[in-house]
Amino acid sequence: MLKLKNYINGELVEPISGQYLDNIEPATGQVYSLIPDSDNQDVEQAYLAANEAFKTWSVSSAQNRCQILLKISQLIERNMHELAAAESQDNGKPLQLATSVDIPRARDNFSFFATAILHDHNESHPTDNNYLNYTWRQPAGIAGCISPWNLPLYLFSWKIAPALAAGCTVVAKPSEVTPYTAYLLSELCIEAGLPAGVLNIVHGTGPRVGGAITAHPKINVISFTGGTKTGQEIARTAAPMFKKLSLELGGKNPNIIFADCDWDSMMKTTLHSSFANQGQICLCGSRILIERSIYEKFKVEFIQRVSQLTVGDPNEETTKIGALSSEAHTLKVLSYIELAKQEGGDVLTGGNRMTIPGRCEAGYFIQPTVIEGLDQNCRVNQEEIFGPVVTLQAFDNEDDAIQNANSTEYGLAATIWTNNLQQAHRVSHSIHSGIIWVNCWLIRDLRTLFGGMKQSGVGREGGYEALHFFTEPKNICIKL
Ligand code: TXE
């Protein structure tokens, strides 16, 4: 059976304890590889390697870092098919989605930050013509990058690429639920000639490996994407050590549909924003708020189209909805569907676990599910479900829509559908979310900020902000 290894000091190594965890393919429910069950000893080895490598990597030229990161990007492109197949097998997502979104975006993360460092700039401020203040940025140190299972290589590289580009060295931990593409990336880094110790990848569980990274006194920058509860725990550990912290956490995003919207475009994109990646994208619009005058029309057409989405083997080209990431997560999502019924909701379509005959008989599949009749304050409309489950709610006017949209503890993203320009701006300004899409969804320009408000996290990533997060800026003031 395939045995994944840690990537420490430029080499693929076994965990010091010799212990391994099962890695399960969600579409089949079968163990298909073993992953290192690493602990704080492995994290310490990774730290020592990163610390040694920092001496040279942090002062190497931008051109040198650019060339190596571009090489990694090119190798991802060359291995696109293998990486997409690994991502789909590891995570349960349709192969087509991994091929068209996840892996190309991982490739682009490396090429974007590789070239961004060539164009970065710092500020200077002459003061009364007597003094010159300027900002001097240095790599912040050893970065700990911890990523989740929903977009495995995409989010892993989203953290690692800017950290390496900025001159940090890295101790990284992919999710233990989806470790495979991070392992393949370590092979590509060796092939690309990334110097030993610049990137170290330690596999294992959250509390043992992620906990050891967060608690390590010399790993002074932490970039984390995952659940809000985990984010709180990381913040509690990191705060007394005053670590630099970026937390990209959950969402409960509103998708606000006004009556004057472009219907076909809205309907097509809303299907996607509700159920892409089985609803396991922190940016999915899980609360669909619809202007009352079009509520019934929307409901009828949406349910009809949702019920036609093909749930099935991620390898099949026709599959739109693949498997959920794990048995535990599947049970969690199903428990929310039960809770919705207890809270008075009507399941309009879906609502059940599915068995896919053949190879995927024991996999983790749930029908795409649409629920109505729930109060905005009930748990199903307040808590992140992170699965193929959306709720429908009607609103009477703009104020009503804004009030409902802002009614959760989360503030990651929102989508607004309207052809009224003033309304689009007004509502965008009133929604408490870090990202707002108007008449579109999931468009990412790597130059733009990314991140949430409220319980969706702290720190914005994206563009030069992401590079600068991994630097320690100084102001230097010189008398002229
Ligand atoms: O995430 P965790 P889980 C949400 C979603 C999901 C819930 C829990 O609602 O149902 O979070 O998912 C590592 N110290 N999102 O439990 O545990 C862990 O090993 C340091 C939203 O899978 O937060 C993994 O590498 N690290 C989301 C990473 O944290 C720890 C994506 C994320 O796992 C740790 C995923 C600890 N104590 C889930 N415990 C998004 N925003 O995209 C765990 N980890």
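Just so it is clear, the structure is predicted and the values come from calculations on it, not from any experiment. (Residues numbered from 1 in each chain as written. Predicted model: local features only at pLDDT ≥ 70, side-chain atom pairs only at ≥ 80, totals over all residues. Heavy atoms only, no water.)

Engineer: Go over the packing of aromatic side chains, please, and point to the residues and values.
Structural biologist: What the rule picks out here adds up to 11 aromatic pairs. Between Phe113 and Trp158 the ring centres are 6.0 Å apart and the planes differ by 55°, which places this aromatic pair in the tilted class. Placement of the pair is Phe113 in helix H4 (residues 95-119) and Trp158 in helix H5 (residues 152-166), with a sequence separation of 45 residues. An identical accessibility class is assigned to Phe113 and Trp158; each is buried. Ring geometry for Trp263 against Phe298: centres 6.4 Å apart, planes inclined by 75°, an arrangement best described as edge-to-face. With Trp263 in helix H9 (residues 263-275) and Phe298 in helix H10 (residues 292-307), the pair connects residues that are 35 residues apart, well separated along the chain. Taken individually, Trp263 and Phe298 each receive the classification buried, so the pair is uniform in this respect. The ring of Tyr20 carries the charged tip of Lys3 above its face, separated from the ring centre by 4.7 Å. Above the face of the Trp263 ring, Lys297 is positioned so that its terminal group lies 3.9 Å from the ring centre. (Phe/Tyr/Trp six-rings, centres within 6.5 Å; stacked < 30°, edge-to-face > 60°. Helix = DSSP H or I, 4+ residues; strand = E, 2+ residues; numbered from the N terminus. Buried < 20%, exposed > 50% of the residue type's maximum accessible area, 1.4 Å probe, protein only. Lys NZ or Arg CZ within 6 Å of the ring centre and 35° of its normal.)

Engineer: Can you tell me about the side chain of Thr415, naming the residues and giving the values?
Structural biologist: Positionally, Thr415 belongs in strand E21 (residues 413-417). The residues touching Thr415, leaving out its near neighbours within four places in the chain, are Pro254, Asn255, Ile256, Trp437, Cys440 and Trp441. (Contact = heavy atoms within 4.5 Å.)

Engineer: I'd like to hear about empty space enclosed by the protein, residue by residue, with values.
Structural biologist: If you walk through the whole model with that rule in mind, you get 5 cavities of 30 Å³ or more. The space that makes up the largest cavity amounts to roughly 150 Å³. Surrounding the largest cavity, 14 residues form its lining, Arg105, Leu151, Tyr154, Leu283 and Leu442 being those nearest its centre. Sorting the residues of the lining of the largest cavity by element identifies H4 and H5 as the ones contributing at least two each. The biggest single contributor to the lining of the largest cavity is H4, with 4 residues. A breakdown of the residues in the lining of the largest cavity according to their chemical character gives 11 nonpolar, no polar and 3 charged. As a volume, the second largest cavity reaches approximately 120 Å³. Around the second largest cavity, the lining comprises 15 residues; the ones closest to its centre are Gly279, Cys284, Ser286, Phe386 and Gly387. For the lining of the second largest cavity, the class distribution of residues is 7 nonpolar, 6 polar and 2 charged. (1 Å grid on protein atoms, 1.4 Å probe; cavity = no way out; pocket = protein on both sides within 12 Å on 5 of 7 lines; lining within 4 Å. Points joined across faces, edges and corners; volume = space filled by probe spheres on them. Nonpolar A, V, L, I, M, F, W, Y, C, P; charged D, E, K, R; others polar.)

Engineer: So, the pattern of salt bridges: which residues are in play, and what are the values?
Structural biologist: With the rule as written, the count across this model stands at 19 salt bridges. Across the salt bridge formed by Lys93 and Asp102, the nearest N and O atoms sit 2.6 Å from each other. Residue class for Lys93 comes out buried when judged on its relative accessible area of 0%. Glu327 is the partner of Arg353 in a salt bridge, and the nearest nitrogen-oxygen pair spans 2.9 Å. Of the two residues, Arg353 is situated in strand E16 (residues 353-354) and Glu327 in helix H11 (residues 327-342); the sequence distance between them amounts to 26 residues. (Salt bridge = Lys/Arg side-chain N within 4 Å of Asp/Glu carboxyl O.)

Engineer: Let's hear about the site of the ligand: which residues, and what values?
Structural biologist: Surveying the vicinity of the ligand reveals 29 residues, the closest of which are Trp149, Glu176, Thr230, Lys332 and Glu384. Glu176 is positioned such that a nitrogen or oxygen atom in its side chain is 2.6 Å from an oxygen atom of the ligand. Measuring from an oxygen atom of the ligand, one finds a side-chain N or O atom of Thr230 at 2.7 Å. Protein chains bury 86% of the 810 Å² of accessible surface belonging to the ligand in isolation. Of the pockets mapped on this structure, the ligand occupies the largest pocket. Elements with a minimum of two residues in the shell around the ligand: helix H7 (206-215), strand E11 (221-225), helix H8 (228-238) and H11. Here the shell around the ligand is composed, by residue class, of 10 nonpolar, 13 polar and 6 charged. (Near = heavy atom within 4 Å. Polar contact = N/O pair within 3.5 Å; in protein donor to acceptor, adjacent residues only side chain to side chain. Areas by Shrake-Rupley, 256 points an atom, 1.4 Å probe, with all protein chains shown as cover. Sits in = over half its atoms within 2 Å of the grid points.)

Engineer: Break down the nonpolar core for me, with residues and values.
Structural biologist: Counting residues in each nonpolar core, the largest one holds 75 residues, and the members touching the most others are Ile160, Val170, Leu199 and Leu283. At 11 residues, the largest contribution of residues to this core is made by H5. Among residues more than four places away in sequence, those in contact with Val170 are Ala50, Ala143, Cys145, Ile160, Ala163, Leu164, Val198, Leu199 and Asn200. If you look at the next biggest cluster of nonpolar residues, it comprises 26 residues, including Leu271, Leu309, Ile321 and Trp417. (Core = buried A, V, L, I, M, F, W, Y, C linked by side-chain atoms within 4.5 Å.)

Such coordinate-based values are descriptive only and should not be taken to indicate function.
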